[in-house]
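Below are the chains, spelled out letter by letter.
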Amino acid sequence: QHRQDVEFIDWENPENNHFAIAEEVTIRGNRTKRPDIVLYVNGIAIGVLELKRSIISVSEGIRQNIGNQKDDFIKPFFATVQVVMAGNDTEGLRYGTTDTSEEYYLTWKEPGLDDQNLLDRYILQVCNKIKLLEIIHDFLIFDSGIKKICRHNQYFGVKSAQDYVRRH
């Protein structure tokens, strides 16, 4: 019996992957839905982002993402999705993973890029190719069967500890 492992994503060398962004992708399921932005790596949908106008709460985008994951809508599409996000220009970006309930969507906090609006800044930080793949590969866990994603402080704490260990 021959066995061959196939890596669909090159986790060790993120730059070897093909990253793509698609707007308003039409997904046919029990009902047709159109997520605002879908992030792809090597043709695999790994992220969904719902964008709202400044006068509409990010919570609306979160609820839209949660609704889209239900059997009545496009649940099978979310089989490969790892990061689910919602945002607007005034509140910034909130993120979770599939099946995250609204109260557990998180806000990414990272210094830098202060000249940008909140939404642009957080999208650039969270969706950085290397960081996004690292979060998906190393910072998603299952806790008693519940899929969870790291908070910003957990991510930076681990990165700092890794750096400290490397230096010593």
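See the structure printed just above.
Note that the structure is a prediction, hence the values are computed from the model and not measured.

Points about the nonpolar core
Point 1. Core analysis: the largest hydrophobic core is formed by 24 residues, its most contacted members being Met85, Leu93, Ile135 and Ile149.
Point 2. At the level of elements, strand E2 (37-41), strand E3 (44-51), strand E4 (83-88), strand E5 (92-96), helix H2 (118-126) and helix H3 (129-138) are the ones that each hand at least two residues to this core.
Point 3. A per-element tally of this core places H3 first, with four residues.
Point 4. Those residues in contact with Met85, other than ones at most four positions away along the chain, are Leu39, Val48, Leu49, Glu50, Asn65, Leu93, Arg94, Tyr95, Val126 and Cys127.
Point 5. By size, the runner-up hydrophobic cluster in this structure holds 15 residues, among which are Val25, Ile27, Val38 and Ile74.

Section: the packing of aromatic side chains
Point 1. Applying the stated rule across the entire model yields six aromatic pairs.
Point 2. Considering the side-chain rings of Phe77 and Phe78, the 5.5 Å spacing of their centres and the 85° angle between planes classify their relative orientation as edge-to-face.
Point 3. An aromatic cluster is defined as three or more aromatic residues linked by ring pairs; in this entry it consists of Tyr95, Trp108, Phe139, Tyr155 and Phe156.

Some remarks on the sheet that holds E2
Point 1. Read across the open sheet, the six strands follow the order E1-E2-E3-E4-E5-E6; overall the sheet is mixed. Of all the strands in the sheet, just strand E1 (19-23) and strand E6 (106-107) have a single pairing partner and so form its edges.
Point 2. Note: E4 against E5, five bridges, orientation antiparallel. Bridge pairing in E5 places Met85 opposite Tyr95.
Point 3. Set on the sheet, H2 makes contact with E3, E4 and E5; between it and E5 the angle comes to about 40°.

Details of the state of the cysteines
Point 1. With the rule as written, the count across this model stands at zero disulfides.
Point 2. No disulfide involves Cys127; its sulfur sits 13 Å from the nearest other cysteine sulfur, which is in Cys150.
Point 3. Residue classification places Cys150 among the buried residues on the basis of a relative accessible area of 5%.

Considering the pattern of salt bridges
Oppositely charged side chains can form a pair if their charged atoms are brought close together.
Point 1. Per the counting criterion, the structure on display carries nine salt bridges.
Point 2. Across the pair Asp71 and Lys75 runs a salt bridge whose closest N-O atoms are separated by 3.8 Å.
Point 3. For Asp71, a relative accessible area of 51% translates into the label exposed.
Point 4. Here Glu134 ties to Lys159 by a salt bridge, and the two come within 2.6 Å at their closest N and O atoms.

Thresholds applied
Residues numbered from 1 in each chain as written. Predicted model: local features only at pLDDT ≥ 70, side-chain atom pairs only at ≥ 80, totals over all residues. Heavy atoms only, no water. Core = buried A, V, L, I, M, F, W, Y, C linked by side-chain atoms within 4.5 Å. Buried < 20%, exposed > 50% of the residue type's maximum accessible area, 1.4 Å probe, protein only. Helix = DSSP H or I, 4+ residues; strand = E, 2+ residues; numbered from the N terminus. Contact = heavy atoms within 4.5 Å. Phe/Tyr/Trp six-rings, centres within 6.5 Å; stacked < 30°, edge-to-face > 60°. Pairing = 2+ DSSP bridges. Axes fitted to C-alpha atoms, helices over the stretch in contact; angles between N-to-C directions. Disulfide = S-S within 2.5 Å. Salt bridge = Lys/Arg side-chain N within 4 Å of Asp/Glu carboxyl O.

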